[in-house]
Amino acid sequence: MTSSDVLSRRPSHDGRHIVILGTGGTIAGRAEQSTDVVGYKAGQVAVQDLIEGVLGLRRRIDAGWRIESEQVSQVDSKDMSHAIWRRLAERVQHHLDRPEVDGIIVTHGTDTLEETAYLLHRVLAPSRPVVLAAAMRPASAPQPDGPQNLDDALTVVGWPGARGVMAVLGGQVWPGAEVRKVHPYRLDAFSAGDAGPLAHVEAGQLRRLREWPVEQPLGLKVLAADIWPDVQIVTSHAGADGRLVDLLVQVGVQGLVVAATGNGSVHQDLMAALLRAQAAGVLVLRALRGGAGCIVPSSTDLLPDAGALTSAQARIEVLLRLLARRGG
Ligand code: ASP
């Protein structure tokens, strides 16, 4: 579904020209009973209706801002797909190619936001801001957090000099490459591990703590393939073995991420299978199973590591490396 609406047709002299792309998530969620903030359905409310609930919108429109919206998808982000990712990346690029657009907001579910943010960061690495906005409470809740988070996203996207892919939740701004969900319920559910937030949004002001995210973009063409490589995640744990890896290799897996214990350690039986997979041409990366920090490499490592990436982000890294090898 794609719809495009323009909330203000005033020329944006001092104002900003922002595009808001809706993908679904709890921010667009609705429950049968407004008091139910857990048993709701994500991805129900149209992005146009969401932004009309943002109190700071009228003030910005009066100041000459122009705000467009477009519905790219309407899903619970646990069900995010490669097809939606490609469409979203194309729509973000389309609007970035319009010189009059100052920045883009993407409304998204929190569950896979860290993956979408990492994908957009690596593929597009925009020189203008692309801000993912989410919420932990559905739009139907008595006190939803979505409208404030959207307002904060407007502050970030309109901030002079803002650039790169970022995420906004609970008054905190996170770099797209580092953000991860660390809590299933709290309103400040995101973290960037040791690195901390990029900025805080405080009463419509941005207090920046770190540099804007920068990256050498792979470019949209890397996502062009109709069928994306098969990349799976396996986990190292007590009692792990290599059966799953051997089966995945038999069915043609092309990339594997192992969610590793400790500082990237892997159970010896699982490691043996991963080394067999690597020898058979599968691209294998070790990533952290949980927690903050970054795998500290050692000269005795048998498999490359994904640094501070979560295993879900490392999966995208493997996916993109395989796609780049194919030449997009
Ligand atoms: N399941 C929801 C989603 O990821 C959760 C959320 O948005 O907070 O779409």
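First things first, this report covers the structure right here in the doc. What you see is a predicted model, and the numbers here were worked out from it, not measured in a lab.

Cut-offs used in this document
Residues numbered from 1 in each chain as written. Predicted model: local features only at pLDDT ≥ 70, side-chain atom pairs only at ≥ 80, totals over all residues. Heavy atoms only, no water. Phe/Tyr/Trp six-rings, centres within 6.5 Å; stacked < 30°, edge-to-face > 60°. Lys NZ or Arg CZ within 6 Å of the ring centre and 35° of its normal. Helix = DSSP H or I, 4+ residues; strand = E, 2+ residues; numbered from the N terminus. Buried < 20%, exposed > 50% of the residue type's maximum accessible area, 1.4 Å probe, protein only. Contact = heavy atoms within 4.5 Å. Pairing = 2+ DSSP bridges. Axes fitted to C-alpha atoms, helices over the stretch in contact; angles between N-to-C directions. Near = heavy atom within 4 Å. Polar contact = N/O pair within 3.5 Å; in protein donor to acceptor, adjacent residues only side chain to side chain. Areas by Shrake-Rupley, 256 points an atom, 1.4 Å probe, with all protein chains shown as cover. Nonpolar A, V, L, I, M, F, W, Y, C, P; charged D, E, K, R; others polar.

Remarks on the packing of aromatic side chains
Note on aromatic pairs: each is described by the distance of the centres and the angle between the planes. Scanning the entire structure with this criterion turns up zero aromatic pairs. Above the face of the W65 ring, R60 is positioned so that its terminal group lies 5.3 Å from the ring centre.

Examining the environment of P138
As for its placement among the helices and strands, P138 is situated in the loop between strand 5 (129–133) and helix 5 (146–157). The class for P138 is buried, based on a relative accessible area of 0%. Along the primary structure P138 and G193 are separated by 55 residues, whereas in three dimensions their C-alpha atoms are 26 Å apart. Once residues lying within four places of it in the same chain are set aside, the contact partners of P138 are T26, G29, R30, D36, V37, Y40 and P144.

Quick notes on the sheet that holds strand 12 (residues 231–235)
Taken in spatial order, the four strands line up as 12-13-14-15 in an open sheet, and their pairing is parallel. The two strands at the open ends of the sheet, each matched to only one other strand, are strand 12 and strand 15 (305–310). Going across the sheet, the axis of each strand differs from the next one's by a mean of 30°, ignoring polarity. On top of the sheet, helix 8 (residues 311–326) reaches strand 12, strand 13 (255–260), strand 14 (283–288) and strand 15; it is set at about 155° to strand 14, its chief contact.

Brief notes about the site of the ligand
Looking at the ligand, the residues that line it are G25, T26, D76, S77, G109, T110, D111 and A135. Here D111 contributes a side-chain N or O atom positioned 2.7 Å from a nitrogen atom of the ligand. Note that an oxygen atom of the ligand is positioned 3.1 Å from one of the backbone N or O atoms of A135. Burial of the ligand by the surrounding chains reaches 94%, relative to a free accessible area of 260 Å². Residues of the shell around the ligand, tallied by class, amount to one nonpolar, five polar and two charged.

Describing unusual backbone geometry
With phi around 35°, A125 is a residue other than glycine that occupies positive phi space. Locating A125 in the fold gives a position in the loop between helix 4 (113–124) and strand 5. For A203, which is not glycine, the phi dihedral falls at a positive 50°. For A203, the location among the structural elements is in the loop between strand 10 (199–202) and strand 11 (205–208).

Concerning the side chain of Q172
Mapped onto the elements, Q172 comes out in strand 7 (residues 172–175). Using a relative accessible area of 17% as the deciding quantity, one classes Q172 as buried.

Quick look at the environment of L96
Note that L96 resides in helix 3 (residues 82–96). In this structure the C-alpha to C-alpha distance between L96 and L124, which are 28 residues apart in sequence, comes to 9.6 Å. Not counting residues up to four positions away in its chain, the partners in contact with L96 are I104, P126, R128 and V130.

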